[in-house]
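# Observations on the model geometry
Spelled out from the first residue to the last, the chains are:
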Amino acid sequence: MELIKTLEQLVCAFGPSGCEHEISQVIEQLAAPFVDEITRDVMGNLICHKKGSGPRVMFSAHMDSIGLVATHIDEKGFVHVGALGGVGAKEVLYTPVRFQNGTCGLICAKGGAELDKLKVSDLFIDIGAADGEEAKKLVQVGDALVYDTPVRQAAGRVISPYLDDRIACLALLMAMERLEETENDLYFVFSTQEEVGCRGAKTAAWAIDPDYGIAVDVTGADDEPGSKHQASSLCGKGAAVKVMDRSVICPPELVERLMGLAAERGIPAQRDVLQMGGTDAGPMQATRSGVYAGGISIPCRYTHTPTEMVDLGDVEACAGLTAAFASSKLKK
C-alpha cells in the first residue's frame, strides 16, 4: 500500500461527521482484499470482519472529520456557519473550503474582528456569489463543508488537513494488509461521528461485544512550539500506547502487553498520557459489562487545524504494533 498516494485518496474523500458516505466507500474498496466480510450498521459504521474462533478484538479508527455546516445565507450571498466538532475560529480564518457538491469558498470574518474573541458564529463563507439568490442556487442550509488544503511532505513528515483521523485509518488499513495467521476474531471498524461524541463506536461496540477494544487514532504532541504539556507523546518517537485521556483509563496489563509487543518486535513505542480529548476507546471500554480497552496512536501537531503534521515513521510504528496485537495470542 503506497502511503502518500493512499493518504491523499483518504483526505480528499468528503466525510465530516454525519456525512461519511463518500469516505466509507473509499475505505471499503481499500479494505475488501484483507477481510472476509464488510457490513454497515444504522450509524454508518463500516465494519470489516476477519473471522476467527478466538477472542473478539475490535479496532476502531474514526473516518469522520470536523467541519462546518451552513446555518444561514444572507442577502449579500455570504454563507454563515456552525461547527461540526471542535473547530477553532481563529485557526481556520481564510482557509479554502469546499462543499460536497464541489462549490468552493473561503472562510472569512467581518473586517476588524478581534481574533482572540472570534467565535465560529462570527465566521462566514465567501463562495463568490453576487447575492443571496445566486448563493442559494449553490448552497443550502444544512450543507456541510470541509477544509480544502493539500497534502504535502516535509523532511520525513506529512502536512495535511484531517490527519485526525484519516492517517489512523491508513495505519489500520496497513495493519490489515500485514496480518499474520491468527485465531482471533477481528473486527476493524471505521467509525462515524467520533468528532461529535464518539457516537459510532458506541453502537458498534454494543453490537460486536468485543473482549478487547483498541482505538487507533492520533494523539496530542508535546513538542509543538509553546507546548503546555497537556500531552506526553513526541513526533518521531514511535507508536503512542495510550495510558489515559479524558475518556478512558486503560488497564495497566493491556498497556504493558502493548509495550511488551513493541519491544519484542523492535517497534518504536512510547507511553501516551493525554490530559484533553478522548477516543473511541472510551465508549468501547464502557460497553455492556466492560471491555479491555486501550489505544495505539500517532502523535500529531496542530490538531483540528487545516494543516496538521505527523511523522511517517510513527505511522509505520502504529501500523506495525496494531498488526502485532491483532495477531498475538489473547485470552478470552
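What you see is a predicted model, and the numbers here were worked out from it, not measured in a lab. (Residues numbered from 1 in each chain as written. Predicted model: local features only at pLDDT ≥ 70, side-chain atom pairs only at ≥ 80, totals over all residues. Heavy atoms only, no water.)

It is worth spelling out the overall build of the protein chain at this point. Per the secondary structure count, the protein chain includes 9 helices and 17 strands. Scaling as 2.2 N^0.38, a compact globule of 332 residues should have a C-alpha radius of gyration of about 20 Å, and the protein chain matches this with 20 Å. For the protein chain, the C-alpha atoms occupy an extent of roughly 65 × 40 × 40 Å along the three principal directions. With 332 residues in all, the protein chain has 57% of them scored as buried. Within the protein chain, contacts between residues at least 6 apart in sequence are counted, and of these 74% link residues at least 24 apart. Surface accessibility of the protein chain: about 13900 Å² in total, with carbon and sulfur atoms responsible for 50%. (Helix = DSSP H or I, 4+ residues; strand = E, 2+ residues; numbered from the N terminus. Rg over C-alpha atoms; globule rule 2.2 N^0.38 Å. Buried < 20%, exposed > 50% of the residue type's maximum accessible area, 1.4 Å probe, protein only. Contact = heavy atoms within 4.5 Å. Areas by Shrake-Rupley, 256 points an atom, 1.4 Å probe, with all protein chains shown as cover.)

What follows is about the environment of Ala 324. By the element assignment, Ala 324 lies in helix 9 (residues 312-327). C-alpha separation for the pair Ala 324 and Leu 258, spaced 66 residues apart in sequence, amounts to 8.8 Å.

What follows deals with a nonpolar patch on the surface. A cluster of nonpolar residues, Met 244, Ile 249 and Val 273, forms a patch on the protein surface that exposes about 250 Å² of accessible area. Turning to its location among the elements, Met 244 is positioned in strand 14 (residues 239-244). Of the residues examined, Met 244 reaches a relative accessible area of 32% and is grouped as partly exposed. (Patch = residues over 30% accessible without salt bridge, like charges linked within 9 Å, V, L, I, M, F, W, Y side chains within 5 Å. Salt bridge = Lys/Arg side-chain N within 4 Å of Asp/Glu carboxyl O.)

The next thing to look at is the packing of helix 1 (residues 3-12) against helix 2 (residues 21-31). As a packed pair, helix 1 and helix 2 sit with axes 8 Å apart at the nearest point and diverge in direction by 150°. Here helix 1 lies roughly antiparallel to helix 2, going by the angle between them. In this structure, helix 1 uses Thr 6, Gln 9, Leu 10 and Cys 12 to contact helix 2, whose residues at the interface are Glu 22, Ile 23, Val 26, Ile 27 and Leu 30. Class assignment for the residues of the contact of helix 1 with helix 2 results in 6 nonpolar, 2 polar and 1 charged. (Axes fitted to C-alpha atoms, helices over the stretch in contact; angles between N-to-C directions. Parallel < 35°, antiparallel > 145°, perpendicular 65-115°, else oblique. Nonpolar A, V, L, I, M, F, W, Y, C, P; charged D, E, K, R; others polar.)

Before going further, it helps to examine the pairing of strand 15 (residues 269-273). The sheet contact formed by strand 14 and strand 15 spans 5 bridges and is parallel. Across the sheet, Ala 239 pairs through a bridge with Ala 269, a residue of strand 15. You can see the chain leave strand 14, run along helix 7 (residues 252-265) and come back into strand 15, and the turn it takes is right-handed. (Pairing = 2+ DSSP bridges. Right-handed = clockwise from strand over helix to strand, strands pointing away.)

A separate point is the nonpolar core. By size, the foremost hydrophobic cluster in this structure holds 73 residues, and its most contacted members are Phe 59, Met 176, Phe 190 and Phe 325. In terms of residue count, the dominant contributor to this core is helix 5 (residues 163-177) (10 residues). Setting aside anything within four residues of it in sequence, one finds Met 176 in contact with Ala 31, Phe 34, Val 35, Cys 48, Phe 188 and Phe 190. (Core = buried A, V, L, I, M, F, W, Y, C linked by side-chain atoms within 4.5 Å.)

Before going further, it helps to examine the sheet that holds strand 13 (residues 212-220). Ordered by their spatial adjacency, 8 strands build an open sheet running 1-2-12-3-13-16-14-15, and the pairing between neighbours is mixed. Each edge of the sheet is formed by a strand with only one pairing partner; in this case those strands are strand 1 (37-40) and strand 15. Strand-to-strand twist across the sheet, computed as the mean angle between neighbouring axes with direction ignored, equals 25°. In this structure, strand 2 (residues 46-50) lies alongside strand 12 (residues 185-191), joined through 5 bridges in antiparallel fashion. Bridging across to strand 12, Ile 47 finds its partner in Val 189. Across the face of the sheet, helix 5 comes into contact with strand 2, strand 3 (56-62), strand 12, strand 13 and strand 16 (292-300) while running at roughly 135° to strand 13.

Attention shifts here to helix 9. Taking 1.5 Å of rise per residue, the 16 residues of helix 9 would be expected to cover 22 Å, and the 23 Å separating its terminal C-alpha atoms lies within 8% of that figure. Most of helix 9 is tucked away: 14 of the 16 residues are buried. The N-terminus of helix 9 is capped by Asp 311, whose side-chain oxygen sits 2.8 Å from the backbone nitrogen of Gly 313. (Expected span 1.5 Å × (residues − 1). Polar contact = N/O pair within 3.5 Å; in protein donor to acceptor, adjacent residues only side chain to side chain.)

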